[in-house]
Amino acid sequence: MAAPPVTLCPSAQPDWQDARVFAVVGGTPDRPETAYLDQAEPVTPELLALASPVAPAEVFRIAAPCAQGACQHFDNAGHSCRLAQKTVGLMPIAFEKLPRCAIRADCRWWQQEGVSACRRCPQVVTVNFTPTRSMRQAADPDVISATPVGPDALQPAA
Amino acid sequence: MNQPSPACKPAHIANTDVEAMARQGVARALAARQAMMEMTPEEAAAVGGGLTLALAKPIIYGGLFTKLDVMNLGGLSSPIGF
Ligand code: SF4
């Protein structure tokens, strides 16, 4: 019998249990663009080695079971992911058309925020050295509200 | 920042193309690290609200449960918020 579906975090690290790569982030530092794979692939040393010399999560989008209450982004009262809420509330739409995404059915961001999350997802880089102000605000677990702090700022182009 | 591109759709690739796409990703990531190092104090202040020191670190867009040195960050200090 197939295992019951598990809700996946689309912004996981490679060392999480059952981690799998579902996309690769190309583009440029100020305009990262995610390319989605046909199928999510289990994380292997060989796959992670393709990201060398940088961190795997600078290059790959990795999904793994949502840690729920163990994660600093999880709102136990609302049983929801604040990172997903802030992604939708703070980040601009990257694409109107949705990516064809191998993990959508099980993705917490999709389950919680729907198409609004998927339209913003392609600009997410999990380990990001050139975040915009809104990305920085969304990623900060101490920022609870999805209220923008000011105009977004671009990082200098490489 | 990215503008909505109604005519465009995010890329979709075959699993056999991961290696080639990862090379592009590594090039972008290295350029991003380089761009961070080359920011002027004014640019740093504009982006980070004056916390220039903090800008030498990446953000982690997601949960984090282990130390960063397992993530190939090359000896950089802890990311923002952790
Ligand atoms: S709460 Fe959100 S960021 Fe944390 S593990 Fe779950 S989906 Fe990922």
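Placed above this text is the structure.
Residues numbered from 1 in each chain as written. Chains lettered and ligands numbered in written order. Predicted model: local features only at pLDDT ≥ 70, side-chain atom pairs only at ≥ 80, totals over all residues. Heavy atoms only, no water.

1. A look at the overall build of chain B
Then comes step 1: Within chain B, the regular secondary structure consists of 2 helices and 2 strands.
Then comes step 2: N-terminal to C-terminal, the α/β element order of chain B is β-α-α-β.
Then comes step 3: Residue burial in chain B is summarised as follows: out of 82 residues, 44% are buried.
Then comes step 4: A fraction of 12% describes how many contacts in chain B between residues 6 or more apart in sequence connect residues 24 or more apart.
Then comes step 5: Total accessible area computed for chain B in this model is approximately 4,300 Å², and 59% of it derives from carbon and sulfur atoms. (Helix = DSSP H or I, 4+ residues; strand = E, 2+ residues; numbered from the N terminus. Buried < 20%, exposed > 50% of the residue type's maximum accessible area, 1.4 Å probe, protein only. Contact = heavy atoms within 4.5 Å. Areas by Shrake-Rupley, 256 points an atom, 1.4 Å probe, with all protein chains shown as cover.)

2. Side note on the site of the ligand
Then comes step 1: Every residue close to the ligand is listed here: A:Cys9, A:Trp16, A:Cys66, A:Ala67, A:Cys71, A:Phe74, A:Cys81, A:Leu83 and A:Arg108.
Then comes step 2: Partitioned by chemical class, the residues of the shell around the ligand number 8 nonpolar, no polar and 1 charged. (Near = heavy atom within 4 Å. Nonpolar A, V, L, I, M, F, W, Y, C, P; charged D, E, K, R; others polar.)

3. Some remarks on the pairing of strand E3 (residues 31-42) of chain A
Regular strands place side chains that alternate from one sheet face to the opposite one.
Then comes step 1: In the sheet, strand E2 (residues 20-28) of chain A pairs with E3(A) via 8 bridges, with the strands oriented antiparallel. Across the sheet, the residue bridging to A:Ala23 is A:Tyr36, located in E3(A).
Then comes step 2: Here E2(A) folds back onto E3(A), and the loop between the two strands holds 2 residues.
Then comes step 3: In this structure, E3(A) lies alongside strand E1 (residues 12-13) of chain B, joined through 2 bridges in parallel fashion. Bridge pairing links A:Tyr36 to B:His12 in E1(B). (Pairing = 2+ DSSP bridges.)

4. Quick word on helix H1 (residues 18-37) of chain B
Along an α-helix, a turn takes 3.6 residues, which lines up residues three or four apart on a common side.
Then comes step 1: Helix length check: H1(B) (20 residues) gives 28 Å between terminal C-alpha atoms against 28 Å at 1.5 Å per residue, within 8%.
Then comes step 2: Inspection of H1(B) places B:Val18, B:Met21, B:Ala22, B:Gly25, B:Val26, B:Arg28, B:Ala29, B:Ala31, B:Ala32, B:Arg33, B:Ala35 and B:Met36 among the buried residues, and these make up the whole buried set. (Expected span 1.5 Å × (residues − 1).)

5. Some remarks on the pattern of salt bridges
Then comes step 1: Inspection of the entire model under this criterion finds 6 salt bridges over all chains.
Then comes step 2: The closest approach of N and O atoms between A:Glu96 and A:Arg119, which form a salt bridge, is 3.6 Å. On the criterion of sequence distance, the pair formed by A:Glu96 in the loop between helix H3 (82-90) and helix H4 (108-113) and A:Arg119 in helix H5 (residues 115-120) is long-range, its members being 23 residues apart.
Then comes step 3: Among the salt bridges present, the one from B:Glu19 reaches B:Arg23, with a minimum N-O distance of 4.0 Å. On the criterion of helical spacing, the pair formed by B:Glu19 and B:Arg23 is a turn pair, its members being 4 residues apart in helix H1. (Salt bridge = Lys/Arg side-chain N within 4 Å of Asp/Glu carboxyl O.)

6. A word on the packing of aromatic side chains
Then comes step 1: Enumeration according to the criterion identifies 3 aromatic pairs over all chains in this entry.
Then comes step 2: Judged by centre distance (5.0 Å) and plane angle (50 degrees), the ring pair of A:Trp16 and B:Phe65 falls under tilted. Linking A:Trp16 in the loop between strand E1 (8-9) and E2 with B:Phe65 in the segment after strand E2 (59-60), this pair reaches from one chain into another.
Then comes step 3: Under the relative-accessibility criterion, A:Trp16 is labelled buried at 11%.
Then comes step 4: Owing to a relative accessible area of 38%, B:Phe65 belongs among the partly exposed residues under this scheme. (Phe/Tyr/Trp six-rings, centres within 6.5 Å; stacked < 30°, edge-to-face > 60°.)

7. So, the sheet that holds E1(B)
By way of backbone hydrogen bonds, the strands of a sheet pair with one another, either parallel or antiparallel.
Then comes step 1: Pairing in this open sheet of 5 strands is mixed, and the strands run E1(A)-E4(A)-E2(A)-E3(A)-E1(B) from one edge to the other. A strand with exactly one partner marks an edge of an open sheet, and here the two such strands are E1 of chain A together with E1 of chain B.
Then comes step 2: As paired strands, E2(A) and strand E4 (residues 60-65) of chain A are joined by 4 bridges and run antiparallel to one another. Pairing of A:Val24 across the sheet is with A:Phe60, part of E4(A).
Then comes step 3: Contacting E2, E3 and E4 of chain A together with E1 of chain B, H1(B) crosses the sheet at an angle of about 50 degrees to E2(A). (Axes fitted to C-alpha atoms, helices over the stretch in contact; angles between N-to-C directions.)

8. Details of unusual backbone geometry
With glycine set apart, most residues show a phi of negative sign, and most peptide bonds adopt trans.
Residues and elements named next belong to chain A.
Then comes step 1: The omega torsion of the bond from Ser52 to Pro53 falls at 10 degrees, within 30 degrees of zero and hence cis.
Then comes step 2: Structurally, Pro53 can be placed in the loop between helix H1 (45-49) and helix H2 (56-59).
Then comes step 3: Backbone geometry at Asp18 places phi at a positive 60 degrees, although glycine is not the residue there.
Then comes step 4: Located in the positive-phi region is His79, a residue other than glycine, with phi close to 50 degrees.
Then comes step 5: Along the polypeptide, His79 turns up in the loop between strand E5 (74-75) and strand E6 (80-81).

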